[in-house]
Amino acid sequence: MNRFPQKLKIILFILLILTVILSIRVSWLNHYLPAESSSAENGHIDLSDAVLDDEYYLLDGEWLFFPGQWVDPAEVPADEGFAVEIPSDWPDEELPSDEPMTGKGSYLLQLDMPESMSGEAGIRFYDVIAAAKVYVDGELIYQRNDLKHSSEDRGMQRGPINVFFDHSAGETVNIVVQASNFNQIAQGGINRDVIISSEEKISSLSFLSNALQFSVGIILFIHAIYAFILYFMQKKSSNSFLLSFGILLLLFTSGVIIDDEILYMPPLTMEEHNRLLTAIFICTLFIMYKLISDIFQTSRRKNKYIFVFFVFLLSLIAFFPYEHIQLLILFLFSVYPVVIGAMIAYTIQSIVRGNQYGYFILAFLLAYSSNAFWGALIKTNVIQIPFFPFDFIFSTAALIGLVLKRHADISSENEKQAALIIENEKNKDTFLANTAHELRNPLHGITVITNTLLKNLNSMSKDSIEKDLVLNHTIALQMKFILNDLQDYTLLQEQRLQINKHSVNINAVVTTIIDVLLHQTNNSEVQIKTDLAHDLAPIYGDEQRLFQIFYNLLHNAVKFTEKGEIRISAYSSGDFAYFTITDSGVGIAQSELNRILAPYEKGTDSTQSGIGLGLNISRDLVLLHDGEFEMVSAEGAGVTIDIKLPTADEEAAEIEMENPLTYDKKENETAATLDSVITDKPPVLVIDDDQANLDILEKALQPEFTVTKISSAKEGLAKLSQHTFYLVISDIMMSEMSGYELTRNIRKRYDLSELPILHLTAKHLAEDIITGLQSGANDYVSKPIDPDELLARVRTLVNMKKASFEKVETEAAWLQAQIKPHFLYNTMNAIASLSQTDSDKMVDLLYEFGAYLKNSFQIPRESGLISLTEELMIIKPYLYIEETRFKNKIEVQYNIHDADMIFLPRLALQTLVENAVNHGALKSREKGVIHISSETDQHEAIITISDNGPGDPETLYEMLEHQQAHGVGLRNSHERIKFINGKGLQIEKNRLGGISIIIVLPHKNLSPRN
């Protein structure tokens, strides 16, 4: 439905509600409209032709007023009075008082009664402020409050006054009203209508008004109690709407009881009573807003501001000087239409946005606004009618309808959720079977390879062992993808998945994915083609998640396309880029499209592997990037997926070009060694914006090195993203980007040994050389260049690069070899055992095993140091696995502080933990305990690993000193720690009865090295 019909629907709804409310209101008004009659003149009114048995008549016009005195009702000195208009406040300027509207006075009206009527008549004063005595022909027939009251008197009556008197047909009666006001400063005297009719009609009018007001109050109160009961019954669900609803009804009840007919007058002064009524009015507005905010779920910040605003208004009501209270009332009445108008406008916006509860709120606001509008007319004496209950009934009915609608929706949703839970329970076994199958395949491969290594370890060559370990690594990564999908799906469902957006070169991402897929697939009958616009704008998103999106989608296309073509095309327009992925595979039936996007779902006839999360995760990740995802397919006609993603602005794209990043393929394919991607001549990148200098450098280096020439720093950065080099030679003075800035950008990705940089400079000042070295250069050569000096420095840096690479490869191989085959074999046996007894525990163990494998196979940094947090990412899964294997035999305790600030050699701690488990905790006569703690101060960090085993510090120290055959891991950790702190490990007996190994690291290892 488009917006115009929706707005038209809202307009028609508003007109309908207003028409119904106004029709009833106008009918009510007409029914009680007084009959036409002449007005009083100079204290006399002629009603001789009136029919009091059938009609009401107004006694308005000129009454005689006697300021500052209570005249004798038997002998009224008519010549001392003067005419005043009734209804109106008495003439303040004529009262002998310093306080406005305070004083005393008397009113006189001579009334010619109808000739056709005799017996009792009734007069209804809608209000006389504040105390009054009413006399008819000198006889006191009614008194309200004490004429000599004070402003401190409490519980004084307010509201309409009904008086009744006998008369003879055609008789002229004198009505005298003695009045006083010493507690209200905003109004005084007879300031509202006075009507006359027969005693029966006046009594009926009064009874009807009181009965309706009392009935509405009782109905509102009962519903308030009902709302509170429901709220406390459902308190666990935090349904604040019911609480707001109940409070609102209580406020309605309070306003009904102590206003209009004044069914109950609380023991308050008039000042306190007026402040209370005004406070109820403001609180009602606030609770109305609170109720609406509960329905439409407005922001907490907006609610906070509104709350402060209403507290401010209540403070004004409580502390505003009472002598100026009229100004405050005018201000509050000017605030009301603004607040109500804002609520109505917000409600209409919510309806336009599709909120189904908005119509109930709108009906409630319209009914309440009608009540407030007509109430203001009554208070200002524009009209006077008996209590009108229907506005309250309509507003309460609208809220009750809202409650019932919400209850029906919640019940319907509960039924759907129950059906979904039942369906999920049915699918649980299928899902676990699929997951176990998907994990069993790589686990089986790892088991076979590990068994082979165990049986033939002594007879296999180093190359064969390395080849099998690499294959194990690849298989483990396949299992990691499945575990990652499960983890990502959980994070997405819990809305905890974080994305780090920046400008991403999507061309590079797609190209990398296609390279990976071509490497993984052996189907030569499927072609993957790209049609990416040459001016395709960078995407504003998380590079890792964008890779995940397109890898999942393209990988699906490869899996379900046996023959034909897979094509990805893209172009950018405005602030978005548009991608289309098509394949010529088996397609998806139209009826299956919605189901296939749900989690854990696959095609009904799918024979391919997978647990059915890839499409669901990809779609949710696209939406998380503020994009759009659409899938179209027909059975046998392939699948077409359209994706819309936001592009990066020009500034972000420019920054990205200055800091280009390549996508890390290490988790998707085994990294090739550096020697396999170069020729016998080491590759060198030369960057200079002077073509002549490039040619000279090429001639000087070409006999020994493969030279790539680039004429700008930005192109050089881009080239580094595409190729591998042993050395970068850069001029300092370049136009677009200096050599210093280029070096700093390179150092964001490579350290000094990973990619050496040689500066060419025509400057010989020490400051310039120091600036170059501080920016990250390894060395420099001054112009004019001496070819022999250049070659000597280049050879040194290239050899350093080779040595660095070999060192990293050697350490990586050694570290990966730390994962003992026996541990892998035992862990897989534990997983297999749990699959038969405790499937949930099996899944948990698989998560931890996946985390252990993932972090164990990471390539170390050149520095060899990692944070304690990263080391614990290996240790914690390992200890969890051991706790699971040796149930009730090991207890692990952690007391870790400042882990992100402590840096140590990779796997140094892991080796010590393994020793503590195998040679300490597991050999304890009691339940084994492993305790790991860390603490820091201004000078050093201390890491302690303790167990309660039977170990002896002297024995361990002897192992470290005498180079015994066993204890290699302990000795290796000792030597690596000693390289940092000069002492190595400290070993001592602990209070648990076992061994504590203490590592003390100097202050420089409390933050990463530059």
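Residues numbered from 1 in each chain as written. Predicted model: local features only at pLDDT ≥ 70, side-chain atom pairs only at ≥ 80, totals over all residues. Heavy atoms only, no water.

**Observations concerning helix 4 (residues 270–296)**
And then number 1: Helix length check: helix 4, at 27 residues, gives a terminal C-alpha distance of 39 Å against a target of 39 Å (1.5 Å per residue), a fit within 8%.
And then number 2: Of all the 27 residues making up helix 4, 22 are buried; the element is thus mostly covered by neighbouring parts of the structure.
And then number 3: Looking one or two residues past helix 4, Gln297 carries a phi angle of roughly 55°, positive in sign. (Helix = DSSP H or I, 4+ residues; strand = E, 2+ residues; numbered from the N terminus. Expected span 1.5 Å × (residues − 1). Buried < 20%, exposed > 50% of the residue type's maximum accessible area, 1.4 Å probe, protein only.)

**Regarding the sheet that holds strand 6 (residues 119–125)**
And then number 1: Strand order in the open sheet formed by four strands is 2-11-6-9, with antiparallel pairing between adjacent strands. What marks the edges here is a single partner per strand, and that holds for strand 2 (57–58) and strand 9 (161–167).
And then number 2: Here strand 6 runs beside strand 9; their pairing, made up of seven bridges, is antiparallel. Looking at the pairing, Phe125 lines up with Ile161 of strand 9.
And then number 3: Sheet strands touched by helix 2 (residues 199–233): strand 6, strand 9 and strand 11 (194–198). Its angle to strand 11, the strand with the most contacts, is close to 120°. (Pairing = 2+ DSSP bridges. Contact = heavy atoms within 4.5 Å. Axes fitted to C-alpha atoms, helices over the stretch in contact; angles between N-to-C directions.)

**Points about the confidence of the model for the protein chain**
And then number 1: Per-residue confidence for the protein chain gives a mean pLDDT of 81, with 83% of residues at or over 70.
And then number 2: Confidence scores differ between elements of the protein chain, with helix 14 (residues 650–658) showing the lowest mean pLDDT of 49 and strand 7 (residues 131–136) the highest of 96.
And then number 3: Across residues 605–609, confidence stays below pLDDT 50; counting only partners more than four residues off in sequence or on other chains, it has six contacts.
And then number 4: Below a pLDDT of 50 lies the segment residues 654–679, which in the model reaches 50 contacts outside its immediate sequence neighbourhood of four places, other chains included. (pLDDT = per-residue confidence, 0-100.)

**A closer look at helix 17 (residues 739–747)**
And then number 1: Along helix 17, seven of the nine residues are buried, which leaves the element largely enclosed by surrounding structure.
And then number 2: Among the residues making up helix 17, those that are buried are Gly739, Tyr740, Leu742, Thr743, Asn745, Ile746 and Arg747.

**Let's talk about the UniProt feature "modified residue: 4-aspartylphosphate" (unreviewed entry) in the protein chain**
And then number 1: Look at the UniProt record and you will see "modified residue: 4-aspartylphosphate" (unreviewed entry) annotated at Asp731.
And then number 2: Within the fold, Asp731 resides in strand 21 (residues 727–731).
And then number 3: Not counting the four nearest positions on each side in its chain, Asp731 is found in contact with Ile687, Asp688, Asp689, Gly739, Leu760 and Lys783. (UniProt positions renumbered as here; feature names shortened; annotations may be inferred.)

**Describing the pairing of strand 27 (residues 928–936)**
In the case of a regular strand, side chains alternate between the two sheet surfaces.
And then number 1: Two strands pair when backbone bridges link them, and strand 25 (residues 890–895) and strand 27 are joined in this way by six bridges, in the parallel orientation. Residue Ile890 lies in a different strand from strand 27, and its bridge partner there is Gly928.
And then number 2: The loop that links strand 27 with its antiparallel partner strand 28 (residues 940–947) comprises three residues.

**Considerations on the side chain of Thr647**
And then number 1: Its location among the elements puts Thr647 in the loop between strand 18 (639–646) and helix 14.
And then number 2: The buried category is assigned to Thr647, whose relative accessible area is 14%.
And then number 3: In contact with Thr647, other than residues within four places in its own chain, are Ala537, Pro538, Ile539, Tyr540, Ser572, Gly574, Asp575, Phe576 and Ala577.

**Considering the packing of aromatic side chains**
And then number 1: Scanning the entire structure with this criterion turns up 27 aromatic pairs.
And then number 2: When the centroid spacing of 5.0 Å and the interplanar angle of 75° are considered together, the rings of Phe13 and Tyr359 count as edge-to-face. Residue Phe13 is found in helix 1 (residues 3–31), and its partner Tyr359 is found in helix 7 (residues 358–379); the two are separated by 346 residues along the sequence.
And then number 3: The buried category is assigned to Tyr359, whose relative accessible area is 18%.
And then number 4: Members of the aromatic cluster, joined through ring pairs, are Phe252, Phe281, Phe333, Tyr336, Phe364, Tyr368, Phe387 and Phe392.
And then number 5: Positioned over the ring face of Trp70 is Lys104, at 4.3 Å from the centre of the ring.
And then number 6: For the cation-ring pair, Arg406 lies above Phe241, with the distance from its terminal atom to the ring centre recorded as 4.6 Å. (Phe/Tyr/Trp six-rings, centres within 6.5 Å; stacked < 30°, edge-to-face > 60°. Lys NZ or Arg CZ within 6 Å of the ring centre and 35° of its normal.)

**Observations regarding the packing of helix 16 (residues 713–722) against helix 17**
And then number 1: Where helix 16 contacts helix 17, the axes come no closer than 10 Å and their chain directions differ by 20°. Taken together, the axes of helix 16 and helix 17 lie roughly parallel to each other. In this structure, helix 16 crosses over helix 17, and the sense of that crossing is right-handed. Where helix 16 approaches helix 17, its residues Ala713, Leu717 and Leu720 are matched on the opposing element by Leu742, Asn745 and Ile746. (Parallel < 35°, antiparallel > 145°, perpendicular 65-115°, else oblique. Left-handed = near helix turned anticlockwise from the far one by under 90°.)

**Focus on the packing of helix 3 (residues 240–257) against helix 4**
And then number 1: Axis separation between helix 3 and helix 4 bottoms out at 9 Å; the angle between their running directions is 160°. Relative to helix 4, helix 3 is oriented roughly antiparallel. Note on packing geometry: the crossing formed by helix 3 with helix 4 is left-handed. Residue-level inspection shows Ser240, Phe241, Ser244, Phe245, Ile247, Leu248, Leu251, Phe252, Ser254 and Gly255 of helix 3 in contact with helix 4, the latter providing Ile280, Cys283, Thr284, Ile287, Met288, Lys290, Leu291, Asp294 and Ile295.
And then number 2: Of the residues that constitute the contact of helix 3 with helix 4, the class distribution is 12 nonpolar, five polar and two charged. (Nonpolar A, V, L, I, M, F, W, Y, C, P; charged D, E, K, R; others polar.)

**Re the sheet that holds strand 21**
And then number 1: An order of 20-19-21-22-23 is seen for the five strands of this open sheet, with the pairing classed as parallel. Each edge of the open sheet carries a strand with a single partner, namely strand 20 (706–710) and strand 23 (779–782). Here the average twist between neighbouring strands, direction ignored, is 20°.
And then number 2: Against the sheet, helix 16 contacts strand 19 (683–687), strand 20 and strand 21, and its axis sits at roughly 160° relative to strand 19.
And then number 3: Contacts from helix 17 reach strand 19, strand 21 and strand 22 (757–761), with the element oriented near 175° to strand 22.

**Observations concerning the environment of Val622**
And then number 1: Summarising the element assignment, Val622 is placed in helix 13 (residues 614–624).
And then number 2: Note on Val622: relative accessible area 0%, which makes it buried.
And then number 3: Ignoring anything within four residues of it in the chain, the contact list for Val622 reads Ile549, Gly627, Glu628, Phe629, Ile643, Lys644 and Leu645.

**Some points on the environment of Val163**
And then number 1: Inspection of the secondary structure assignment puts Val163 in strand 9.
And then number 2: The exposure class of Val163 is buried, given its relative accessible area of 2%.
And then number 3: Residues Val163 and Phe125, 38 residues apart in the sequence, show an inter-C-alpha distance of 8.3 Å.
And then number 4: Discounting residues that sit within four places of it in the chain, Val163 has contacts with Ala121, Gly122, Ile123, Phe125, Val134, Ile141 and Tyr142.

**Examining the pattern of salt bridges**
And then number 1: This structure, assessed with the given rule, holds 18 salt bridges.
And then number 2: Two residues, Asp294 and Lys290, come together in a salt bridge whose shortest N-O distance is 2.9 Å. With a gap of four residues between them, Asp294 and Lys290 both fall in helix 4, about one helical turn apart.
And then number 3: With relative accessibility at 18%, the residue Asp294 sits in the buried group.
And then number 4: We classify Lys290 as partly exposed; its relative accessible area is 27%.
And then number 5: One network of salt bridges, with partners in common, ties together Lys529, Glu565 and Arg567. (Salt bridge = Lys/Arg side-chain N within 4 Å of Asp/Glu carboxyl O.)

**A few points about unusual backbone geometry**
And then number 1: A cis amide bond links Ile86 to the next residue, Pro87, at an omega of 5°.
And then number 2: Within the secondary structure, Pro87 is located in the loop between strand 4 (82–86) and strand 5 (103–112).
And then number 3: In this structure, Ala130 follows Ile129 across a cis peptide bond, with omega equal to 0°.
And then number 4: Counting through the fold element by element, Ala130 comes out in the loop between strand 6 and strand 7.
And then number 5: Positive phi, close to 65°, is recorded for Met101, a residue that is not glycine.
And then number 6: If you trace the backbone, Met101 turns up in the loop between strand 4 and strand 5.
And then number 7: One non-glycine residue, Asp898, adopts positive backbone phi at about 55°.
And then number 8: Since its relative accessible area comes to 36%, Asp898 is described here as partly exposed.

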